[in-house]
Amino acid sequence: MDLSTRHLGLELRNPLVVGASPLVTGPDDARAMEGAGAAALVLHSLFEEEILAEVGAHLAAEAHAESFAEALSYLPESGHPGPGPYLDLVASVKAAVGIPVIGSLNGFTPGGWTSYARKIQEAGADALELNVHFVATDPTENGHEVVMRTVETVGEVCGAVDIPVAVKLSPYFSSFPHMATRIRDAGASGLVVFNRFFQPDLDIEALEVVPSLRLSTSDELLERLRLLSLLHGRVDLSLAATGGVHTAVDVIKALMAGADVTQMVSALLIHGPEHLTRTLSALEFWMDDHGYESVEQMKGSLSLARAPNPQAIVRANYMQVLDSWDG
Ligand SMILES: Cc1cc2nc3c(=O)[nH]c(=O)nc-3n(C[C@H](O)[C@H](O)[C@H](O)COP(=O)(O)O)c2cc1C
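How each quantity is defined
- Residues numbered from 1 in each chain as written.
- Predicted model: local features only at pLDDT ≥ 70, side-chain atom pairs only at ≥ 80, totals over all residues.
- Heavy atoms only, no water.
- Helix = DSSP H or I, 4+ residues; strand = E, 2+ residues; numbered from the N terminus.
- Buried < 20%, exposed > 50% of the residue type's maximum accessible area, 1.4 Å probe, protein only.
- Contact = heavy atoms within 4.5 Å.
- Near = heavy atom within 4 Å.
- Polar contact = N/O pair within 3.5 Å; in protein donor to acceptor, adjacent residues only side chain to side chain.
- Areas by Shrake-Rupley, 256 points an atom, 1.4 Å probe, with all protein chains shown as cover.
- Nonpolar A, V, L, I, M, F, W, Y, C, P; charged D, E, K, R; others polar.
- Phe/Tyr/Trp six-rings, centres within 6.5 Å; stacked < 30°, edge-to-face > 60°.
- Lys NZ or Arg CZ within 6 Å of the ring centre and 35° of its normal.
- Axes fitted to C-alpha atoms, helices over the stretch in contact; angles between N-to-C directions.
- Parallel < 35°, antiparallel > 145°, perpendicular 65-115°, else oblique.
- Left-handed = near helix turned anticlockwise from the far one by under 90°.
- Arc of directions from axis to C-beta.
- Core = buried A, V, L, I, M, F, W, Y, C linked by side-chain atoms within 4.5 Å.

Q: How should the side chain of Arg149 be read in this particular structure?
A: Turning to its location among the elements, Arg149 is positioned in helix 6 (residues 143–160). Residue Arg149 is classed as buried on the basis of its relative accessible area of 16%. With residues near it in sequence (within four places) discarded, Arg149 still touches Phe108, Thr109, Pro110, Phe134 and Glu141.

Q: Could you clarify how one ought to interpret the site of the ligand in this entry?
A: In the vicinity of the ligand lie 19 residues, with Ala20, Ser45, Asn131, Ser216 and Ser266 positioned nearest. Contact between the ligand and Ser45: a nitrogen atom at 2.6 Å from a side-chain N or O atom of the residue. Within the backbone of Gly243, an N or O atom sits 3.4 Å from an oxygen atom of the ligand. Within the complex, the protein chains bury 90% of what would otherwise be the 610 Å² of accessible surface of the ligand. Residues of the shell around the ligand, tallied by class, amount to 8 nonpolar, 9 polar and 2 charged.

Q: Please explain the packing of aromatic side chains as it appears in this structure.
A: In total, this model carries 3 aromatic pairs according to the counting rule given. One Lys or Arg, Lys119, reaches over the ring of Tyr116 and ends 5.1 Å from the middle of that ring. Here the guanidinium or amino end of Arg149 rests over the ring plane of Phe134, the centre of that ring lying 4.5 Å away.

Q: Help me out: how do you make sense of the packing of helix 9 (residues 248–257) against helix 11 (residues 274–289) in this one?
A: Geometrically, a packed helix pair is captured by the angle between its two axes and the distance between the axes. It is the contact of helix 9 with helix 11, at a shortest axis distance of 8 Å, that shows an interaxial angle of 60 degrees. One finds that helix 9 runs oblique with respect to helix 11. As for how helix 9 packs across helix 11, the hand of that crossing is right-handed. Residues Ala248, Val251, Ile252 and Met256 of helix 9 pack against Thr279, Ala282, Leu283 and Trp286 of helix 11.

Q: Whenever I open this one, helix 7 (residues 176–185) confuses me. Can you help?
A: Every α-helix winds through 3.6 residues per turn, so residues three or four apart in the chain are directed the same way. Among the residues of helix 7, Phe176, Met179, Ala180 and Ile183 are the ones counted as buried. All buried residues of helix 7 fall inside an arc of 105 degrees around its axis, so they share one side. Check the buried side of helix 7 and you find it contacts helix 6, strand 7 (165–169), strand 8 (190–193) and helix 8 (221–231). Where helix 7 begins, one side-chain oxygen reaches toward the backbone nitrogen of His178, 3.2 Å away; that side chain belongs to Ser175. At the exit of helix 7 stands Gly187, carrying a positive phi of roughly 115 degrees.

Q: Sorry if this is basic, but what is going on with the environment of Ser21 here?
A: Mapped onto the elements, Ser21 comes out in the loop between strand 3 (16–18) and helix 1 (27–36). Taking the relative accessible area as the measure of exposure, Ser21 reaches 6% and is therefore buried. Measuring from C-alpha to C-alpha, the distance between Ser21 and Asp219 comes to 20 Å, with 198 residues separating the pair along the chain. The contacts of Ser21, once residues within four sequence positions are left out, are Val42, Leu43, His44 and Val265. Here the side chain of Ser21 touches Gly19 through a polar contact of 3.1 Å, landing on its backbone oxygen.

Q: Is there a simple way to explain the nonpolar core in this structure?
A: If you look at the biggest cluster of nonpolar residues, it comprises 83 residues, and the most contacted ones within it are Leu41 and Leu191. Element by element, the count of residues in this core is highest for helix 9, at 7 residues. Beyond its immediate stretch of four places on either side in the chain, Leu41 contacts Val18, Val24, Ala30, Met33, Val93, Val97, Ile99, Pro100, Val101 and Ile102.

Take a look at the structure:
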């Protein structure tokens, strides 16, 4: 049984990747994930704000930079350790495992901070994920401006490195396939489909906005499957599924829709690294039972790549779903 797959130009032993999260905080976690079967590790993100805070601290040491330091003081306390420890993490994890290690940057504006992509490469990362996490709040900024800023940020990060860059986007673009093409033209090699937003809740007694971190379920995968099937074979990008991958069945669905790899976070936070081993066994069992010899055979087999007019299929499916309601 050949479970190998290719993602971002990297040869991976199987399609199970540990997604960006606190699952890997050092060499021991990394070795445990590798031992359980992970094909690659994405480290948690280094945030634009962390980098700017460090740059601000340096500048604040100089008398003329007081106003800049004051502006930065409005950034929330994140509890993140900052760029130095992050680069140490990349280097120590890379030294501990034989599987590819993917660094992660999280930011949404072009600027000097994007040069840290280079430092992550120099620390030993095999590839980089750029999470462009952005929630529109400015009523005067239109969608085109958001797209242009995102594309510019991607271009800067890609221009700073020689390693492949995958971009983790939110689904909230008027045309996701067009956005994918723009990302590709800006230099990205892959797309991570897609960012999962953590919706803040309201505490009506304390009159406070409270952060709520709920882990995913397999239901969240469905939205990803549609986009993956739209993108596979139609944009020249390596595709990773993230969000709702919990079981071998989820992995198979994502591959058939068009993903090259699947990322797991919630399932591993709940069940631990050995969940990777169980998922891989179940994947092999299912493939054997259904006469598949390789992951490559399954990839994109349920995508819309061969449909001359995917829009017609999407519309027809919508009508069919509405008609399926029988009261
Ligand atoms: C506790 C936690 C921390 C996370 N940290 C990051 C991060 O630093 N960078 C990032 O791009 N995504 C981060 N994510 C998002 C995950 O990488 C993933 O995209 C999301 O959880 C959906 O996958 P899942 O359904 O397998 O959990 C985090 C998720 C969780 C639950």
